[in-house]
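# Structural features, examined
Now for the letters of each chain:
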Amino acid sequence: MWPSRLRHTMATQLLNANADLVSIQEILGHTKIKTTQHYSKLSNLKVQKDYFQAMEIVLAKTTIRQLE
């Protein structure tokens with residue numbers, strides 16, 4: 001059970017540090033991306049960060065359109 005938990009923690013930490021899922025797949029030695037997805041869980045901080053980054057882009061585009 002411990003090796004599995006370690007792999008899960010490593011995959012999650014890499015994903016939260018913006019590592020690409022395919023890179024994580026290679027690091028863990030998985031042949032299927034679904035296996036890597038099983039080990040990789042997003043933290044709320046990553047989701048929150050991605051949301052705010054996306055909203056900045058949306059707001060910037062909206063502001064530019066309003067100025068035109």
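The following refers to the structure shown. (Residues numbered from 1 in each chain as written. Predicted model: local features only at pLDDT ≥ 70, side-chain atom pairs only at ≥ 80, totals over all residues. Heavy atoms only, no water.)

Further remarks concern the overall build of the protein. Of regular secondary structure, the protein possesses four helices and zero strands. A total of 68 residues make up the protein; the buried ones form 16% of that total. Considering only residue pairs separated by 6 or more positions, the protein has 45% of its internal contacts joining residues 24 or more positions apart. Split by element, the accessible area of the protein, about 5600 Å² in all, is 61% carbon and sulfur. (Helix = DSSP H or I, 4+ residues; strand = E, 2+ residues; numbered from the N terminus. Buried < 20%, exposed > 50% of the residue type's maximum accessible area, 1.4 Å probe, protein only. Contact = heavy atoms within 4.5 Å. Areas by Shrake-Rupley, 256 points an atom, 1.4 Å probe, with all protein chains shown as cover.)

So, on to the packing of helix 1 (residues 2-16) against helix 2 (residues 21-28). At their nearest, the axes of helix 1 and helix 2 sit 10 Å apart, and the two run at 150 degrees to each other. Put simply, helix 1 runs roughly antiparallel to helix 2. In the packing of helix 1 onto helix 2, the handedness of the crossing is right-handed. Note on element contacts: helix 2 touches helix 1 through Leu-21, Ile-24, Ile-27 and Leu-28, opposite Arg-7, Met-10, Ala-11, Leu-14 and Leu-15. Considering only residue class, the contact of helix 1 with helix 2 consists of eight nonpolar, no polar and one charged. (Axes fitted to C-alpha atoms, helices over the stretch in contact; angles between N-to-C directions. Parallel < 35°, antiparallel > 145°, perpendicular 65-115°, else oblique. Left-handed = near helix turned anticlockwise from the far one by under 90°. Nonpolar A, V, L, I, M, F, W, Y, C, P; charged D, E, K, R; others polar.)

Ranked by size, the top nonpolar core spans five residues in total: Ala-11, Leu-15, Ile-24, Leu-28 and Tyr-39. Among the elements of the structure, helix 1 and helix 2 are those that each provide at least two residues to this core. (Core = buried A, V, L, I, M, F, W, Y, C linked by side-chain atoms within 4.5 Å.)

A cluster of nonpolar residues, Tyr-51, Phe-52, Met-55, Val-58 and Leu-59, forms a patch on the protein surface that exposes about 480 Å² of accessible area. Looking at the element boundaries, Tyr-51 is found in helix 4 (residues 44-67). (Patch = residues over 30% accessible without salt bridge, like charges linked within 9 Å, V, L, I, M, F, W, Y side chains within 5 Å. Salt bridge = Lys/Arg side-chain N within 4 Å of Asp/Glu carboxyl O.)

On to the side chain of Thr-36. With respect to the secondary-structure elements, Thr-36 resides in helix 3 (residues 33-39). Thr-36 sits in the buried class, given a relative accessible area of 0%.

This part covers helix 2. Restricting attention to buried positions, one finds in helix 2 the residues Ile-24, Gln-25 and Leu-28. End-on, the buried residues of helix 2 take up no more than an arc of 105 degrees, which puts them together on one face. Next to the buried residues of helix 2 lie helix 1 and helix 3. Backbone geometry just downstream of helix 2 places Gly-29 in the positive-phi region, at approximately 75 degrees. (Arc of directions from axis to C-beta.)

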